[in-house]
Amino acid sequence: MKKKTLVPLIIFLLGICLVILIVYKTDTHEKEQRRITAQLNAAIYGERIKNELTAGIGITDTLEQILISENGEIHQFDAIAENLMSDSIESVQLAPNGIVTDIYPAKGNEAGKIDLIHDKDRGKISCYARDNHTIITQGPFELKQGEYGIAVRNPIYLKDKTGQEYFWGFTIVILRVPDIFSDAIRALSNFGYEYKILKTDTPWSDTYKVVYQSDDQTGHPVSYRFAIGDENWKFEVTPKSGWRNNTLLIITGGLFLTISLLLSVLTSVWLVANEHKKKFQILARTDSLTKIYNRYGFDEFAEKMIQKNPNAHFVAALLDIDNFKFINDIYGHSYGDRALKNLADSMMAFFPSDALLGRNGGDEFCILLPNCTFKEADVQLQQFTKLPKSFSCHGKEHAFYISLGYAEYPTFASNRSQLMRCADAALYEIKLHGKNGCMAYREGLRSGARKQLGFAFKDISKHLPGAFIIYRADKEDDELFFANDEFLHMSGYKDIDELFRLTKKSFRNLIREDEQQQIESSIWEQIDSGNENDYIHFHLRKADGTYFSVLDHGRIVESPQYGKVFYVLFMDWKDMHIRYNDKFAR
């Protein structure tokens, strides 16, 4: 590899290695600190959740003490239960012999009076609590009220008259989820943590079941475990932003990466300045649209080629697209650019690799053929001129044509600039003789022809003292192609785009509806009779929807690009009567 590439690359790679090491160390330290903090929060709030659950379970203990003191009887259960209720308690229940008989509040909880010992969903775990003298929790399950709850069942044992212990039943409390631990999880969420509360499915199982969790998942969490009775609970915690301190890593990595990149860039700029200069010179000499040389690049290299071989023969050609302004006006500049690009592509494909190709600007292109004479170039340039050329518009190919003029060095010119002037004179001579052709320079041609052509093309349509349009001469498709400023002014259209939009580019839509069929028939009767011209009087539509009377003088013309077209002059009928009233009176 070149030194100017290798040295900046080595500096950058070393910088990347240093950045990776620094970011890794920072990331490891930050993750460790975050896990320590998360573990402390999991322990603190996990213990608080345990205490909140224990407080709810304490209701069953209170009922147990009452039962023991009253020899298994509870008088005024509703009043006692009402005093024990809180916002996180759904209901308080008694289940003598495992059968739920009392529920507070009773309304809406009638379905809860079941035989726990023999119930298919609750029997096994209830028997376990009875046989092992342990509190059990079951759930979460959906409550009738639409929320979720956890059932806490505390097995109660009393002694008979002989002192023998016997199973009395269960004191039960239904805890609302997540109300029972809402304070803890709300505080934890405010601190920026995702969480998950789990418990073993049954006291004899190691499978955990989710009791409640935050909206998002916990990835690689820390956990705090605690037990209630014979059941294990687990509280998992993960920072919402993840274990990484992305902001710190981005700042740290970005800072050191910027330093590394800056050193590499400065080194690279210092080493490759000359190479960049050459690239910029190439860009300065290249046309951005066609990717061939621009005028500056073409003139520079043509000058060098001729100076290097002053005794050799060269042929220079200038060419442009016929009626290129119409392509831009009718189809839009983007499609005009397509035509220019397609022409440049055809030049690169047709001419040999040692030919110098350029774009002077607009639609004008130039060619320099080295070691070539008139006779050798004539067939080649004639063939290229006749080569079909087109551009695509809405899926349809539209043909366009070129005019080309060429001259030979040193036969008619002693230097590059004189050679190009001779080719220019030949080009505009062919323009004046009908376009779409190829012509060699000969003595007597003058570049002044350009001025004559420029005046004829640019000024006549603009300053013609009359309204003027061009449209397709087709009985089924009378597409409008062009309208001069005088026509737009006379008919009230602000520009040609508004004319095309309001008429849908149809000449028929310029005629008053009740006259359309008659006027079109009259025009074609005159043309079909062998006349090149037609004369007709009708009412022409203005931009505001009103109509005014006009005299139409049309001529049918064969266009190499569009086929048969009508060139039409309009005169205001009312204005003619005012100005030439005496002649109309005759």
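These numbers come from a predicted model, not from an experiment.

1. With respect to the overall build of the protein chain
Step number 1: In terms of helices and strands, the protein chain carries 16 helices and 22 strands.
Step number 2: Taking 586 residues into account, the globule formula puts the C-alpha radius of gyration at 25 Å, and the protein chain, at 48 Å, lies well above it.
Step number 3: Oriented by its inertia axes, the alpha-carbon framework of the protein chain measures out at about 145 × 80 × 40 Å.
Step number 4: Expressed as a percentage of the 586 residues in the protein chain, the buried residues total 46%.
Step number 5: Partitioning the intrachain contacts of the protein chain with sequence separation of at least 6 by distance along the chain shows that 58% fall at a separation of at least 24.
Step number 6: Surface summary for the protein chain: the accessible area is close to 31,800 Å², and the carbon and sulfur share equals 52%.
Step number 7: Distance between charge centroids for the protein chain: 9 Å, based on 70 positive and 78 negative side chains.

2. With respect to the packing of helix 6 (residues 295–308) against helix 10 (residues 416–432)
Step number 1: As a packed pair, helix 6 and helix 10 sit with axes 10 Å apart at the nearest point and diverge in direction by 115 degrees. Contact with helix 6, carried on its side by Phe-298, Asp-299, Ala-302, Glu-303 and Ile-306, involves Arg-416, Leu-419 and Met-420 of helix 10 and no other residues of that element.
Step number 2: Of the residues contributing to the contact of helix 6 with helix 10, the split by class is five nonpolar, no polar and three charged.

3. A look at the pairing of strand 3 (residues 136–142)
As a general feature of sheets, a regular strand has side chains that alternate between the two faces.
Step number 1: Counting buried positions along strand 3 yields five of seven residues, so the element is predominantly enclosed.
Step number 2: As paired elements, strand 3 and strand 4 (residues 148–159) share five bridges and run antiparallel to each other. Across the sheet, the residue bridging to Phe-141 is Gly-149, located in strand 4.
Step number 3: The antiparallel hairpin formed by strand 3 and strand 4 contains five residues in its connecting segment, where Gly-146 sits at a positive phi of about 100 degrees.

4. Observations concerning unusual backbone geometry
Step number 1: Omega for the peptide link from Val-177 to Pro-178 comes to 10 degrees, which places this bond in the cis form.
Step number 2: Tracing the sequence through the fold places Pro-178 in the loop between strand 5 (165–177) and helix 4 (182–190).
Step number 3: Cis geometry is found at the peptide bond from Tyr-409 to Pro-410, where omega equals 0 degrees.
Step number 4: Relative to the helices and strands, Pro-410 is located in the loop between strand 16 (402–409) and helix 10.

5. Points about the sheet that holds strand 3
Step number 1: Taken together, the five strands give an open sheet; going across it, the order is 2-1-5-4-3, and neighbouring strands pair in antiparallel fashion. Of all the strands in the sheet, the pair left with one neighbour each is strand 2 (102–104) and strand 3. The sheet shows a mean angle of 20 degrees between the axes of neighbouring strands, taken without regard to direction.
Step number 2: Pairing geometry for strand 1 (residues 89–96) and strand 2, over three bridges, is antiparallel.

6. Quick notes on the confidence of the model for the protein chain
Step number 1: With 95% of its residues at a pLDDT of 70 or more, the protein chain shows a mean pLDDT of 88.
Step number 2: No element of the protein chain has a lower mean pLDDT than helix 11 (residues 449–463), at 57, and none a higher one than strand 13 (residues 364–370), at 96.

7. With respect to helix 14 (residues 516–528)
Step number 1: With 13 residues, helix 14 should reach 18 Å at 1.5 Å per residue; the first-to-last C-alpha distance of 18 Å fits that figure.
Step number 2: Taken together, the buried positions of helix 14 are occupied by Gln-516, Ile-519, Glu-520, Ser-522, Ile-523, Trp-524, Gln-526 and Ile-527.
Step number 3: Tucked inside the fold, the buried residues of helix 14 contact strand 18 (467–472), strand 20 (533–541), strand 21 (547–559) and strand 22 (563–572).
Step number 4: Once helix 14 ends, the next one or two residues include Gly-530, with phi positive near 100 degrees.

8. Topic: the pattern of salt bridges
Any two side chains of opposite charge can pair, so long as their charged atoms come close to each other.
Step number 1: One pass over the structure, following the stated rule, counts 27 salt bridges.
Step number 2: Between Asp-119 and Arg-122 there is a salt bridge, with its nearest N and O atoms 3.0 Å apart.
Step number 3: Among the ionic pairs, Arg-512 bridges to Asp-514, the shortest N-O distance being 2.9 Å.
Step number 4: Among the residues examined, Asp-514 registers a relative accessible area of 58% and is labelled exposed.
Step number 5: Because the salt bridges share partners, they merge into one network encompassing Arg-295, Asp-299, Glu-303 and Arg-416.

9. Regarding the sheet that holds strand 6 (residues 193–200)
Step number 1: Taken together, the four strands give an open sheet; going across it, the order is 7-6-9-8, and neighbouring strands pair in antiparallel fashion. Two strands in the sheet have a free side with no partner beyond their single neighbour: strand 7 (208–213) and strand 8 (222–228). The average angle at which neighbouring strand axes cross in this sheet is 25 degrees, direction not considered.
Step number 2: Bridge count for strand 6 against strand 7 is five bridges, and the pairing is antiparallel. Along strand 7, the bridge assignment pairs Thr-200 with Tyr-208.
Step number 3: Lying over the sheet, helix 4 contacts strand 6, strand 7 and strand 9 (231–239), oriented at roughly 145 degrees with respect to strand 6.

10. Remarks on the packing of aromatic side chains
Step number 1: Tallying each qualifying case throughout the model produces 26 aromatic pairs.
Step number 2: Centre to centre, the rings of Phe-350 and Phe-351 are 5.1 Å apart; their planes meet at 80 degrees, and the pair counts as edge-to-face.
Step number 3: Between Phe-412 and Tyr-441 the ring centres are 5.3 Å apart and the planes differ by 80 degrees, which places this aromatic pair in the edge-to-face class. Taken together, the residues span a long stretch of sequence, with Phe-412 in the loop between strand 16 and helix 10 and Tyr-441 in the loop between strand 17 (438–440) and helix 11 at a distance of 29 residues.
Step number 4: With relative accessibility at 22%, the residue Phe-412 sits in the partly exposed group.
Step number 5: A relative accessible area of 10% places Tyr-441 in the buried class.
Step number 6: Every member of this aromatic cluster is reached through a ring pair, and the members are Tyr-471, Phe-487, Phe-507, Trp-524, Phe-538, Phe-566 and Phe-570.
Step number 7: Above the plane of the ring of Trp-243 lies Arg-35, whose end atom (NZ or CZ) is 4.4 Å from the centre.
Step number 8: We note Lys-389 situated over the ring of Phe-384; from NZ or CZ to the ring centre the distance is 4.6 Å.

Conventions we followed
Residues numbered from 1 in each chain as written. Predicted model: local features only at pLDDT ≥ 70, side-chain atom pairs only at ≥ 80, totals over all residues. Heavy atoms only, no water. Helix = DSSP H or I, 4+ residues; strand = E, 2+ residues; numbered from the N terminus. Rg over C-alpha atoms; globule rule 2.2 N^0.38 Å. Buried < 20%, exposed > 50% of the residue type's maximum accessible area, 1.4 Å probe, protein only. Contact = heavy atoms within 4.5 Å. Areas by Shrake-Rupley, 256 points an atom, 1.4 Å probe, with all protein chains shown as cover. Lys, Arg positive; Asp, Glu negative; His and termini not counted. Charge placed at Lys NZ, Arg CZ, Asp CG, Glu CD. Axes fitted to C-alpha atoms, helices over the stretch in contact; angles between N-to-C directions. Nonpolar A, V, L, I, M, F, W, Y, C, P; charged D, E, K, R; others polar. Pairing = 2+ DSSP bridges. pLDDT = per-residue confidence, 0-100. Expected span 1.5 Å × (residues − 1). Salt bridge = Lys/Arg side-chain N within 4 Å of Asp/Glu carboxyl O. Phe/Tyr/Trp six-rings, centres within 6.5 Å; stacked < 30°, edge-to-face > 60°. Lys NZ or Arg CZ within 6 Å of the ring centre and 35° of its normal.

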